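Summary of the model geometry
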Amino acid sequence: MNAAPDAETVYAHLLQAVREGIAGRDVSLIGIHSGGAWIAERLHRDLAIGRPLGTLSSAFHRDDYGRRGGRVGLPAAMKATELPFDVNGADIVLVDDILFTGRTVRAAMNELFDYGRPARIELAVLIDRGGRELPIEARYCGATHPLAAPRNFALRRSDDGRFALRIE
């Protein structure tokens, strides 16, 4: 598989899966910065979820933080966690763009538990590219598209909110 899938088609599949999975539930969406936050913003709007949208940074809980150029304080490009609701007892759908090793999701859950103890956490991802190093699986997935390292997906969001994917 050399070509990246059409991001809008993949998003439509993810939207449908989340819509069916959360029907009748009072859920809160939390997007992992940055691609997951973009997807969560659009899901929040398209699903007309009444609860506020949260965003989360997994940077400080990553096991490779030092190797990724982390330093004291927030780098200019890093966004802070914002959870405008009580996490305790919440039914949460955590949203990310690309699921690969599982390390970002593990770090995001560690960050989330710093704010409280949710009743449930489900994972929604635009693409599962395989290559897991941790036992993490998405409940909602737009597409599965295996991609061997060192190649990566790059998600872009246009000014009108549409998504595009490319393989680097």
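Structure shown above.
Residues numbered from 1 in each chain as written. Predicted model: local features only at pLDDT ≥ 70, side-chain atom pairs only at ≥ 80, totals over all residues. Heavy atoms only, no water.

**Some words on the pairing of strand S7 (residues 163–167)**
- Only one face of S7 is covered, namely the one carrying Phe163, Leu165 and Ile167; the face carrying Ala164 and Arg166 has none of its residues buried.
- Between strand S6 (residues 153–157) and S7, which pair antiparallel in sequence order, lie 5 residues; one of them, Gly161, sits at a positive phi of approximately 90°. (Buried < 20%, exposed > 50% of the residue type's maximum accessible area, 1.4 Å probe, protein only. Helix = DSSP H or I, 4+ residues; strand = E, 2+ residues; numbered from the N terminus. Pairing = 2+ DSSP bridges.)

**With respect to the pairing of S6**
- Relative to S7, S6 is paired through 5 bridges, and the arrangement is antiparallel. Counted as the bridge partner of Ala154 is Arg166 from S7.

**Some details on the side chain of Thr81**
- Mapping Thr81 onto the fold places it in the loop between strand S2 (54–56) and strand S3 (91–99).
- The buried category is assigned to Thr81, whose relative accessible area is 15%.
- Side chain to side chain, Thr81 and Glu111 meet in a polar contact 2.8 Å long.
- Residues within four places of Thr81 in sequence aside, it is in contact with Thr55, Leu56, Ser57, Glu111 and Tyr115. (Polar contact = N/O pair within 3.5 Å; in protein donor to acceptor, adjacent residues only side chain to side chain. Contact = heavy atoms within 4.5 Å.)

**Examining the side chain of Ser57**
- If you trace the backbone, Ser57 turns up in the loop between S2 and S3.
- A polar contact of 3.3 Å, which involves the side chain of Ser57, links it to the backbone nitrogen of Ala59.

**A short note on helix H1 (residues 7–22)**
- An ideal rise of 1.5 Å per residue puts 22 Å on 16 residues; H1 measures up with 22 Å between its terminal C-alpha atoms.
- All of the buried residues along H1 are Ala7, Glu8, Val10, Tyr11, Leu14, Leu15, Val18, Gly21 and Ile22. Projected down its long axis, H1 carries its buried residues within an arc of 150°, all on one side.
- Of the surrounding secondary structure, the elements contacted by the buried residues of H1 are strand S1 (27–32), helix H2 (35–46), S3, strand S4 (120–128), strand S5 (140–144) and S7.
- Two residues or fewer past H1, Gly24 is found with a positive phi of approximately 80°. (Expected span 1.5 Å × (residues − 1). Arc of directions from axis to C-beta.)

**Considerations on the pattern of salt bridges**
- The final tally for this structure, using the stated rule, is 14 salt bridges.
- In this structure, Asp26 engages Arg51 in a salt bridge whose closest nitrogen and oxygen atoms are separated by 3.9 Å. Taken together, the residues span a long stretch of sequence, with Asp26 in the loop between H1 and S1 and Arg51 in the loop between H2 and S2 at a distance of 25 residues.
- You can call Asp26 exposed: its relative accessible area is 54%.
- Taking relative accessible area as the criterion, Arg51 reaches 25% and is therefore assigned partly exposed. (Salt bridge = Lys/Arg side-chain N within 4 Å of Asp/Glu carboxyl O.)

**Quick notes on the environment of Asp26**
- As for Asp26 and Ala90, which are separated by 64 residues in sequence, their C-alpha atoms are 8.6 Å apart.
- When residues no more than four places from it in sequence are discounted, the contact partners of Asp26 are Arg51 and Asp91.

**A look at the packing of H1 against H2**
- Where H1 meets H2, the axes come as close as 11 Å, and the angle between the chain directions of the two elements is 55°. Judged on the interaxial angle alone, H2 and H1 are oblique. Between H1 and H2 lies a crossing whose hand is right-handed. In contact with Glu8, Tyr11, Leu14, Leu15 and Arg19 of H1, H2 contributes Ile39, Arg42, Leu43 and Asp46.
- Among the residues forming the contact of H1 with H2, the class breakdown is 5 nonpolar, no polar and 4 charged. (Axes fitted to C-alpha atoms, helices over the stretch in contact; angles between N-to-C directions. Parallel < 35°, antiparallel > 145°, perpendicular 65-115°, else oblique. Left-handed = near helix turned anticlockwise from the far one by under 90°. Nonpolar A, V, L, I, M, F, W, Y, C, P; charged D, E, K, R; others polar.)

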